[in-house]
Protein chains: 2
Amino acid sequence: MSPFPDRIVATYRLSVPEADAESRALAIATEQSVEMPLDAIDDPHVRSEIVARVVQVRAAGDAFEADIAISTQTTGHEPGQLINMVFGNCSLMPEVQLVGLAFPPGFVQGFGGPRFGIAGLRAATGAIDRPLTCTALKPQGSPLAHLVHLARTFALAGLDLVKDDHGLANQAFSPFAQRVPAVQRAVDEANRATGGRTLYAPTLSGAPAALAEQLRIARDCGVRAALVSPMVVGLPVFAELARTAGMPLLAHPAFGGAARIAPVVLFGQLFRLFGADATIFTNYAGRFHYPREVCLAIADAARRPWDGLAATMPVPAGGMTLDRVAEMRADYGDDVMLLIGGNLLEAGARLLERSRAFARAVAG
Amino acid sequence: MSPFPDRIVATYRLSVPEADAESRALAIATEQSVEMPLDAIDDPHVRSEIVARVVQVRAAGDAFEADIAISTQTTGHEPGQLINMVFGNCSLMPEVQLVGLAFPPGFVQGFGGPRFGIAGLRAATGAIDRPLTCTALKPQGSPLAHLVHLARTFALAGLDLVKDDHGLANQAFSPFAQRVPAVQRAVDEANRATGGRTLYAPTLSGAPAALAEQLRIARDCGVRAALVSPMVVGLPVFAELARTAGMPLLAHPAFGGAARIAPVVLFGQLFRLFGADATIFTNYAGRFHYPREVCLAIADAARRPWDGLAATMPVPAGGMTLDRVAEMRADYGDDVMLLIGGNLLEAGARLLERSRAFARAVAG
């Protein structure tokens, strides 16, 4: 929590020589607020209330960390402008990373956070006291009948959530308006057969008009969750979707590494702030290479008490396999959604059996 | 240009040991297309048409470059999905940078590019055979009367374009609906007094509904250009604005985080592809630290012939000063817009005089 009632404390890691650390911190405070020479500002109100302030500069390993207090007024309490004020121009400085954000009491509530969160996902799936299971429909380019077959099989196996691969969008080979109703129907039929409550989360993508049309199609055919890549559609768009979609949103991290923001801040804090009910991130020792402590920190930021915001479900992913279920439960506890994609599909003709084994592994 | 009629060639810089270069290139080809083990894909159509292919891996300094051919089908010809396919998941790999994009003939025309471009900006301002001049209203937090005073002064001095500071959004201290009509009125009055044609470009920001409302307000009061940060509002949103705004858009690089996408690709190519009529980037030896050759490459990518797309006006910026005008003309030629902000404001009471000197410097 920020110690200032009207200032956000943003922490930047500065990979600069010691002699430059203080002056770079001052330069960032200017860059991230008034963006002009301080000497040319006469207005005492601007100087005292709008210009960002350096709170502290300290050594941190082989670099430095600077805490900078940024006026909440400058954010307009809008997601895009908040990003602009904490990491707009600084994102263009290779030697600067955003590694921490602390907000004053009450500030985050204006953004709303998750509308469903962990509790909402548990209520929707009926999975109350264990990790949730999730898998993905892939590869893109497959005939619709194949995707429908996969979805039916996963639902029959009792997995909690079946999402589109984030590469499935609205391509000519897989138009949203055909794919989504057909997959939802297959999941509905399987649910009726098993008495289960598998959710299907299609990818919402594109510009605002396309997103609105996709949301309408999804609602009309009974879809109850969706997958969105906040960095691809834009953070303000994602926040608006969270306010209006009326269903849980899974945030996908695609294009998230293009800004040099610490993963815990982007995928843990900011995605939660803007309304992610679940946040997918690349777990350690998979196809991606975040360190274990970074992954645990993301999960912690997603779930810990935060000024009244609902908790976001962490979803470690990216090359996970069935034989890591026990290890992931040990790492993350039960408030987690385990996402295994390709490793199930590798079972080929034994897909139903391996998917059932995944469901059983978290029930035990 | 891509040598394949239905494939984009994306070039990635891989900071990996030589022994891993080929296997990492293969892994990226999978990651950026089907995102699952190739052995688990039976469908021959998916294997031949959808899976991305490694074209070449070569040494490049102390790293490697891999050319990977990505199916145009997978992009759905939509800006967000294009980004997702060329740098969605790979953006999460610190050892991978996107450094080049080549598209097949005709592909880029589907995105439209700049609707006005260099020619449109020259027509709107009447500045035909010289660099354009641009400055910014700042600091944010100033009373409206001060911003109006600045705008009037800049227009009286004959600068071609006055933009909002990109930090000016829709904050309580400066609501868009009050600020923009008042500033436009002052610019209109000055234009009538001088016979000039100064444009005012306010910042459009926020989620889609807010953007639409701001655009309506801007049009209603006669605004003829706008400033947008594509990475803040979202690239698909920016592309939609370019299609629908009916006025030139200046793209601001905030949140561009271009450490992982080469600046030339993001600010030169992609912003142009998605419709930027002008692209602001941080010039060398200012407050930011891009090398000179990177800056010249951005300008070249913005302006060079590109499969029928209009040319984007390059706008080197970020701490530029009046005494660098000659140097910038020598660097960039006359098809450039020179943006000087704080250095004009430092003139204080002599603002009109220094702004006139800026206008004269490019007229000479």
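Remember, predicted model here, so these are calculated numbers, not experimental data. (Residues numbered from 1 in each chain as written. Chains lettered and ligands numbered in written order. Predicted model: local features only at pLDDT ≥ 70, side-chain atom pairs only at ≥ 80, totals over all residues. Heavy atoms only, no water.)

Time to look at the overall build of chain A. Regarding its fold elements, chain A presents 14 helices and 12 strands. Scaling as 2.2 N^0.38, a compact globule of 364 residues should have a C-alpha radius of gyration of about 21 Å, and chain A matches this with 22 Å. Dimensions of chain A along its principal axes, counting C-alpha atoms only, are 70 × 40 × 35 Å. Sorting the 364 residues of chain A into buried and exposed places 64% on the buried side. (Helix = DSSP H or I, 4+ residues; strand = E, 2+ residues; numbered from the N terminus. Rg over C-alpha atoms; globule rule 2.2 N^0.38 Å. Buried < 20%, exposed > 50% of the residue type's maximum accessible area, 1.4 Å probe, protein only.)

Here we come to the sheet that holds strand β4 (residues 96-102) of chain A. Residue and element names in this part refer to chain A. Strand order in the open sheet formed by 4 strands is β2-β3-β1-β4, and the pairing between neighbours is antiparallel. A strand with exactly one partner marks an edge of an open sheet, and here the two such strands are β2 (53-60) and β4. For this sheet, the mean angle separating the axes of adjacent strands, direction not counted, is 25°. Pairing of strand β1 (residues 7-14) with β4, which is carried by 6 bridges, proceeds in the antiparallel orientation. Bridging across to β4, Thr11 finds its partner in Gly100. (Pairing = 2+ DSSP bridges. Axes fitted to C-alpha atoms, helices over the stretch in contact; angles between N-to-C directions.)

It is worth spelling out the relation of the copies chain A and chain B at this point. Superposition of the two copies of the chain requires a rotation about an axis and a shift along the axis. For the pair chain A and chain B, the relating rotation is 180°, the translation along its axis is 0.0 Å, and the fit reaches an RMSD of 0.1 Å. Such a turn and shift between the copies fits a two-fold axis. When the interface residues of chain A are mapped onto chain B, 100% of them again fall at the interface, so both copies present the same face. (Least-squares fit on C-alpha atoms with pLDDT ≥ 70 in both. Contact = heavy atoms within 4.5 Å.)

Two pairing modes exist for strands in a sheet, parallel and antiparallel, and in both the strands are linked by backbone hydrogen bonds. All names here are of chain B. Within the open sheet, the 4 strands sit side by side as β2-β3-β1-β4. Their pairing is antiparallel. Pairing within the sheet leaves two strands with one partner each, and these edge strands are β2 (53-60) and β4 (96-102). The average undirected angle you get between the axes of adjacent strands in this sheet is 25°. Pairing of strand β1 (residues 7-14) with strand β3 (residues 63-71) involves 8 bridges; the strand directions are antiparallel. Residue Ile8 lies in a different strand from β3, and its bridge partner there is Ile70. Together, β1, β2, β3 and β4 form the strand contacts of helix α1 (residues 18-31), whose direction differs from that of β2 by roughly 150°.

The subject of this paragraph is the interface of chain A and chain B. At the interface, 72 residues of chain A touch 72 residues of chain B. Per-residue buried area on chain A facing chain B is highest for A:Glu35, A:Leu92 and A:Phe255; these three make up 13% of the total on that side. On inspection of chain A and its partner chain B, the count reaches 5 salt bridges. A salt bridge links A:Glu35 to B:Lys138; the nearest nitrogen and oxygen atoms lie 3.9 Å apart. Our enumeration of links across chain A and chain B arrives at 22 residue pairs in polar contact (both at pLDDT 80 or more). The element that contributes the greatest number of residues to the side of chain A that touches chain B is helix α3 (residues 79-87) of chain A, accounting for 6 residues. Its residues placed into classes, the side of chain A that touches chain B shows 35 nonpolar, 25 polar and 12 charged. (Buried area = accessible area lost by both parts, 1.4 Å probe. Salt bridge = Lys/Arg side-chain N within 4 Å of Asp/Glu carboxyl O. Polar contact = N/O pair within 3.5 Å; in protein donor to acceptor, adjacent residues only side chain to side chain. Nonpolar A, V, L, I, M, F, W, Y, C, P; charged D, E, K, R; others polar.)

Residues and elements named next belong to chain A. At the junction of Lys138 and Pro139, the peptide bond is cis and its omega measures out at 0° in the coordinates. Within the fold, Pro139 resides in the loop between β5 (132-137) and α5 (144-156). Positive phi, normally seen in glycine, also occurs at Glu35, with a value near 55°. By the secondary structure assignment, Glu35 is in the loop between α1 (18-31) and α2 (44-50). In the Ramachandran plot, Ala285 falls in the positive-phi region, its phi being about 60° despite a non-glycine side chain.

Here we take up helix α7 (residues 208-220) of chain A. Between its first and last C-alpha atoms α7(A) spans 18 Å; for 13 residues at 1.5 Å apiece the expected length is 18 Å, and the two agree. Where α7(A) is concerned, the buried positions are A:Pro208, A:Leu211, A:Gln214, A:Leu215, A:Ile217 and A:Ala218. Contacts from the buried residues of α7(A) go to α6 (176-194), α8 (230-233) and α9 (235-244) of chain A together with α7 (208-220) and α9 (235-244) of chain B. In the stretch just after α7(A), A:Gly222 is the one whose phi turns positive, near 90°. (Expected span 1.5 Å × (residues − 1).)

As a further point, take the packing of aromatic side chains. Summed over all chains, the structure comprises 14 aromatic pairs over all chains. Between B:Phe103 and B:Phe107, the ring centres sit 5.4 Å apart and the planes meet at 10°, which makes this aromatic pair stacked. Here the two residues B:Phe103 and B:Phe107 agree in accessibility, since each one is buried. Both rings, one in B:Phe107 and one in B:Phe111, keep their centres 5.4 Å apart while their planes meet at 55°; by these two values the pair is tilted. For the pair shown, B:Phe107 and B:Phe111 are each scored as buried. Over the ring of A:Tyr284 we find A:Arg324, and its NZ or CZ is 5.2 Å from the ring centre. (Phe/Tyr/Trp six-rings, centres within 6.5 Å; stacked < 30°, edge-to-face > 60°. Lys NZ or Arg CZ within 6 Å of the ring centre and 35° of its normal.)

The subject of this paragraph is the pattern of salt bridges. Evaluated as defined, the whole model comprises 35 salt bridges over all chains. Taking the shortest distance from any N to any O, the salt bridge between B:Arg179 and B:Asp164 comes out at 2.7 Å. Here B:Arg179, found in helix α6 (residues 176-194), pairs with B:Asp164, found in strand β6 (residues 161-164); they are 15 residues apart in sequence, far enough to count as distant. A single burial state applies to B:Arg179 and to B:Asp164, both of which are buried. When salt bridges that share partners are traced, they join A:Glu31, A:Glu35, B:Lys138 and B:Arg287 into one network.

What follows concerns the environment of A:Met247. Residue and element names in this part refer to chain A. Considering the arrangement of structural elements, one finds Met247 in the loop between α9 and β9 (249-251). Its relative accessible area of 6% is what places Met247 among the buried residues. C-alpha separation for the pair Met247 and Ala124, spaced 123 residues apart in sequence, amounts to 9.7 Å. With residues near it in sequence (within four places) discarded, Met247 still touches Phe116, Leu215, Arg219, Val223, Arg224, Ala225, Ala226 and Asp277.

Residues shown with low pLDDT carry predicted positions that ought not to be read at fine detail. On average, residues of chain A carry a pLDDT of 95, and 99% of them reach 70 or more. Model confidence for the complex: the whole-complex pTM is 0.95, and ipTM, which rates the interface, is 0.93. (pLDDT = per-residue confidence, 0-100.)

Residue and element names in this part refer to chain A. Running from amino to carboxyl end, α6 crosses α7 at an angle of 25°, the nearest separation of the two axes being 9 Å. Taken together, the axes of α6 and α7 are roughly parallel relative to one another. Seen from above, α6 lies across α7 with right-handed handedness. Of the residues in α7, those touching α6 at Phe176, Ala177, Val180 and Pro181 are Gln214, Ile217 and Ala218. Across the contact of α6 with α7, the residue classes break down as 6 nonpolar, 1 polar and no charged. (Parallel < 35°, antiparallel > 145°, perpendicular 65-115°, else oblique. Left-handed = near helix turned anticlockwise from the far one by under 90°.)

The subject of this paragraph is the side chain of A:Ser229. Residues and elements named next belong to chain A. Looking at the secondary structure, you find Ser229 in the loop between β8 (226-228) and α8. For Ser229, a relative accessible area of 9% corresponds to the buried category. The contacts of Ser229, once residues within four sequence positions are left out, are His166, His252 and Ala254.

Turning our attention to the state of the cysteines. By definition, a disulfide links the sulfur atoms of two cysteines through a covalent bond. On inspection of all chains with the given rule, the structure shows 0 disulfides over all chains. A:Cys221 takes part in no disulfide bond, and the closest cysteine sulfur, belonging to A:Cys134, lies 18 Å away. Sulfur of B:Cys90: no disulfide; nearest cysteine sulfur belongs to A:Cys295 and is 18 Å away. A relative accessible area of 0% places B:Cys90 in the buried class. (Disulfide = S-S within 2.5 Å.)

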